[in-house]
Amino acid sequence: MEMVQTKVHHKKRQVVIFIILILLWEAGSESIQYSILEETESGTFVANLTKDLGLRMGELAARAARVVFKGNRQYLQFDPETYDLLLNEKLDREELCGSTEPCVLPFQVLLENPLQFFQAALLIRDINDHAPEFPAREMLLKISEITMPGKVFPLKMAQDLDAGSNSLQSYKISSNPHFHVLTRNRKDGRKSPELVLDKALDREEQPELRLILTALDGGSPPRSGTTKIQIVVLDSNDNTPEFAQEFYEAQVPENSSLGSLVLTVSARDLDAGSFGEVSYALFQVDDVNQPFEINANTGEIRLRKTLDFEEFQSYQVDVEATDGGGLSGKCSLVIKVLDVNDNAPELTMSSLTSPIPENLPEIIVAVFSVSDADSGHNQQITCSIDDNLPFLLRPSVENFYTLVTEGALDRESSAEYNITITVTDMGTPRLKTEHNITVLVADVNDNAPAFTQTSYTLTVRENNSPALHIGSVRATDRDAGANAQVTYSLLPPLDPHVPLASLVSINPDNGHLFALRSLDYEALRAFEFRVGAADRGSPALSSQALVRVLVADDNDNAPFVLYPLQNASAPCTELVPRAAEAGYLVTKVVAVDGDSGQNAWLSYQLLKATEPGLFGVWAHNGEVRTARLLSERDAAKHRLVVLVKDNGKPPLSASVTLHVLLVDGFSQPYLPAPEAEAADAAPAAPLTVYLVVSLASVSSLFLFSVLVFVAVRLCRRSRAASVGRCSVPEGPFPGHLVDVSGTGTLSQSYQYEVCLTGGPGASEFKFLKPIHRNFPPQGTRREMEENPTFRSSFLFS
């Protein structure tokens, strides 16, 4: 869009160029000139530019050659196959140049890659296609009969639009005895006819004459035009009007309003009466081009049409003064049109490249030319763009400019530039033209995808369904088009032992992550992997982010009782002395839960008891203690059912059955067989022997406690079917199960076994080996109660 404004922006980079042909020649530019006859048919061969410019074959096509004329007219064109210069249309020399001779149309040949200009000109040669024409078909002359021979009478000129030798050259008049015609060369180059009286006229003899005036041009064959001259012989009027000046000069600005006074001419006639009354008229009037009119009475010449300096710079007008007797006088006027700044500069865009690639410096964006139809100072031009744009204007040959990038552009900073090219002349007031162009910046893949986070933490609850969407990662790319399209992928795992391909998958289009199988918290609590994001540019750029997946625990594991072990064929029995006081530690139920967190928090409660109120279970650590002081009336054998429950939702539980046997003392116990309802007490001597042997064994193995711990873990006892059996569970207890804070897991000091067998043999008492502790010698009942870590087992047969 172009618009003309008069306001000048101050913050502009201005490049001033004076479009003057002389400066171009001084700059050393050479011009090639071609000529062609006017009215030549379109498509006619004009020149072989490849040869004339010294270029290689095909170089004009490869460098996108263009022909640029002023005003963006295309008088010439290139042959699409040979790139010869051909005529694009018929040319009319008179329309293009008028009376100017020679008729030269300058043009430029523009080549790209690299940018190069060649100056050239097209000379339009005239042909004789116009005949001379008179402004009127008939002219009237009134001549007094007393006029002396030799008197010269100016006649109206004929006009010939051709130039040079084809223009009007001479006049001739039909044969007669009184007149001949002269052809006079005027200062402006035109030729005017003058009628010369050879023989005096006699009104009484011949009151009227009719002659034919012929105008001839210099063509071959010559063309001609004619007009009729009617001569009326008048009675005696011996004074003709005479102007005060034979030659007048005037200047008028081209923007003068209609009716403006240009000049006043004055003539006087010495005769009296009607012969002395003078009237004025324009001697030769061209109604089409004549912009002036004259007042017949006052001689005032005024403007009747608007003037245009760019069309006509001056006018030559002849004024005729005629008296009442028909005699006339003539004067000439030269009216010069003064140029005013009434034409805004023009910008002609020859080449525009959009889009342009980013990251490349000094790219030629546009090539254009500027011009101003005014003259002198009004024709001087400045050209500028906004300062805050990364572009530069560089003047080239004649009135051409190139618009180039100032440096490498970044599409991500700005993908589009709206550039206003302002062309301002130096006239008063200053006129300007603004031309807006939009330049797009093409994307180059110079930005790698960037994740929104450097690392992601996702949580998925165990026992999930396969193909569950567990989360998403997202990366963005500042580029555009295919360069900004991101594809996601899983990178090789950080830990080669993690089967990543069977755990998760990723949607390559949107970064959604899916669990491929059900996860088990107890088997895999967390794992890490890397996700890659790559664009689809060339070359492709990529980045990566770390993803950590945490498996959340579900309450899917019931508590597992480690101690006491349940053996239906030979259940374990705890021995409690009848002398035990309230709070006596009978045993400790040890259980674990494979879950974590509150799902693994265990609580204990006594579900069933043979004699309610005799025993109690501590809820937090599973210790089974006496609730009151034992008496002789209490039954000797008791069965306790302890419930172990976790804190999950819903809670899961397990139960364990304990057998407790009350004895009178450790030195002389009387224990009935488990199968019999009552039995006699056995001799105490064998029991004492076994007790001493057990104590000696424990003391001797103190230094080998670590080895014993390993041996206990690997122990695989096997006894006969008739012998009751009770053993410590196989395999190591995990380190996290050792609890010295009383939270419900088995402490090292409580790992022991108690077995009770039935049969006719003597009773046998056996201590087993504690882990990491010395077994103290047998002490008083008080010492046993005060030391809850002291535990024993008995074996009876």
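Since the model is a prediction, treat every value here as computed from it, not as a measurement.

Focus on the overall build of the protein chain
Within the protein chain, the regular secondary structure consists of 8 helices and 53 strands. Burial status across the protein chain gives 44% buried among its 797 residues. Considering only intrachain contacts with a sequence separation of at least 6, the fraction spanning at least 24 residues in the protein chain is 69%.

Things to note about the confidence of the model for the protein chain
Confidence in the prediction of the protein chain, expressed as mean pLDDT, is 79, and 79% of residues score 70 or more. Within the model, the stretch residues 667-685 combines pLDDT values under 50 with 25 contacts to residues more than four positions away or in other chains. Under a pLDDT of 50 for its full length, residues 716-797 has, in the predicted model, 184 contacts with residues more than four places off or in other chains.

Points about unusual backbone geometry
Cis peptide bonds are those with omega within 30 degrees of zero, and the linkage from asparagine 113 to proline 114 qualifies with 0 degrees. Inspection of the secondary structure assignment puts proline 114 in the loop between β8 (103-111) and β9 (116-125). Cis geometry marks the peptide bond from serine 354 to proline 355; its omega dihedral reads 5 degrees. Among the structural elements, proline 355 can be located in the loop between β26 (346-352) and β27 (356-357).

Quick look at the pattern of salt bridges
For the structure shown, the criterion picks out 24 salt bridges. For arginine 66, the salt bridge is made with glutamate 112, and the minimal N-O distance between the two is 3.0 Å. Of this pair, arginine 66 sits in strand β5 (residues 66-69) while glutamate 112 sits in the loop between β8 and β9; the two residues are 46 residues apart in sequence, bridging distant segments of the chain. For aspartate 126, the salt bridge goes to arginine 93, with nearest N and O atoms at 3.2 Å. One end of the pair, aspartate 126, is in the loop between β9 and β10 (138-144); the other, arginine 93, is in helix α4 (residues 93-97), and 33 residues separate them in sequence. The exposure class of arginine 93 is buried, given its relative accessible area of 0%. Via salt bridges that share partners, Arg93, Glu94, Glu101 and Asp126 belong to a single interconnected network.

Observations regarding the nonpolar core
Core analysis: the largest hydrophobic core is formed by 28 residues, its most contacted members being Val46, Leu76, Leu85, Phe107 and Leu122. The residues touching leucine 76, leaving out its near neighbours within four places in the chain, are Val46, Val67, Phe69, Leu85, Leu86, Leu87, Asn88, Phe107 and Leu122. The next biggest cluster of nonpolar side chains, apart from the first, holds 26 residues, and it includes Ala475, Leu500, Val504 and Leu513.

Remarks on the side chain of glutamate 462
Along the chain, glutamate 462 turns up in the loop between β35 (455-461) and β36 (468-472). For the buried glutamate 462, which has no salt bridge, the nearest side chain bearing the opposite charge is arginine 461, at an N-O separation of 6.9 Å. When residues no more than four places from it in sequence are discounted, the contact partners of glutamate 462 are Leu519, Asp520, Tyr521, Glu522, Val551, Ala552, Asp553, Asp554, Asp556 and Asp595.

Considerations on the sheet that holds strand β44 (residues 573-577)
Hydrogen bonds along the backbone pair up the strands of a sheet, which may run parallel or antiparallel. One open sheet accounts for 4 strands, arranged β44-β51-β50-β47; its pairing is mixed. The sheet is open, and its two borders are formed by β44 and β47 (603-609), each paired with just one other strand. Across the sheet, the mean angle from the axis of one strand to that of its neighbour is 35 degrees, orientation sign disregarded.

Here we look at the sheet that holds strand β6 (residues 76-78)
On the basis of which strands lie adjacent, the open sheet formed by 3 strands has the order β4-β7-β6 and antiparallel pairing. Pairing within the sheet leaves two strands with one partner each, and these edge strands are β4 (45-47) and β6. Strand-to-strand twist in this sheet, taken as the mean axis angle between neighbours without regard to direction, amounts to 45 degrees. Pairing between β6 and strand β7 (residues 85-87): 3 bridges, direction antiparallel. In the strand pairing of β7, phenylalanine 78 is matched with leucine 85.

Describing the state of the cysteines
In total, this model carries 1 disulfide according to the counting rule given. One disulfide bridge connects cysteine 97 with cysteine 103, the sulfur atoms lying 1.8 Å from each other. Of note, the bridge from cysteine 97 to cysteine 103 carries an S-S torsion of about 65 degrees and is right-handed in sense. Judged by its relative accessible area of 16%, cysteine 97 falls in the buried class.

Comments concerning the packing of aromatic side chains
On inspection of all chains with the given rule, the structure shows 13 aromatic pairs. Ring centres 6.1 Å apart and planes at 50 degrees place the aromatic pair phenylalanine 134 and tyrosine 171 in the tilted group. On the criterion of sequence distance, the pair formed by phenylalanine 134 in the loop between β9 and β10 and tyrosine 171 in strand β12 (residues 168-173) is long-range, its members being 37 residues apart. Both residues of the pair, phenylalanine 134 and tyrosine 171, belong to the buried class. Here the aromatic residues Phe69, Tyr75 and Phe107 are joined through ring pairs into a cluster of three or more. The side chain of arginine 625 reaches across the aromatic face of tryptophan 618, ending 4.6 Å from its centre.

Topic: the environment of arginine 190
One can find arginine 190 in the loop between β13 (179-185) and β14 (191-197). Separated by 23 residues in sequence, arginine 190 and serine 167 have C-alpha atoms that sit 9.3 Å apart. Setting aside residues no more than four positions away along its own chain, arginine 190 makes contact with Met157, Arg184, Asn185 and Gln316.

Looking at the environment of asparagine 510
With respect to the helices and strands, asparagine 510 occurs in the loop between β39 (504-506) and β40 (512-515). Contact partners of asparagine 510, with chain neighbours within four places excluded, come to Val473 and Tyr488. Polar side-chain contacts of asparagine 510 include one of 3.0 Å to the backbone nitrogen of histidine 512.

Looking at the environment of isoleucine 335
Tracing the backbone through its elements, the reader meets isoleucine 335 in strand β25 (residues 328-338). When its relative accessible area of 1% is taken as the criterion, isoleucine 335 is described as buried. Note: C-alpha distance between isoleucine 335 and tyrosine 248 (87 residues apart in sequence) is 8.3 Å.

Things to note about the side chain of threonine 214
Structurally, threonine 214 is set in strand β15 (residues 208-217). Assessed through its relative accessible area of 11%, threonine 214 is described here as buried. When neighbours within four sequence positions are excluded, threonine 214 is seen to be in contact with Phe134, Ser170, Tyr171, Lys172, Ser224, Gly225 and Thr226.

Rules behind the numbers
- Residues numbered from 1 in each chain as written.
- Predicted model: local features only at pLDDT ≥ 70, side-chain atom pairs only at ≥ 80, totals over all residues.
- Heavy atoms only, no water.
- Helix = DSSP H or I, 4+ residues; strand = E, 2+ residues; numbered from the N terminus.
- Buried < 20%, exposed > 50% of the residue type's maximum accessible area, 1.4 Å probe, protein only.
- Contact = heavy atoms within 4.5 Å.
- pLDDT = per-residue confidence, 0-100.
- Salt bridge = Lys/Arg side-chain N within 4 Å of Asp/Glu carboxyl O.
- Core = buried A, V, L, I, M, F, W, Y, C linked by side-chain atoms within 4.5 Å.
- Lys, Arg positive; Asp, Glu negative; His and termini not counted.
- Pairing = 2+ DSSP bridges.
- Axes fitted to C-alpha atoms, helices over the stretch in contact; angles between N-to-C directions.
- Disulfide = S-S within 2.5 Å.
- Phe/Tyr/Trp six-rings, centres within 6.5 Å; stacked < 30°, edge-to-face > 60°.
- Lys NZ or Arg CZ within 6 Å of the ring centre and 35° of its normal.
- Polar contact = N/O pair within 3.5 Å; in protein donor to acceptor, adjacent residues only side chain to side chain.

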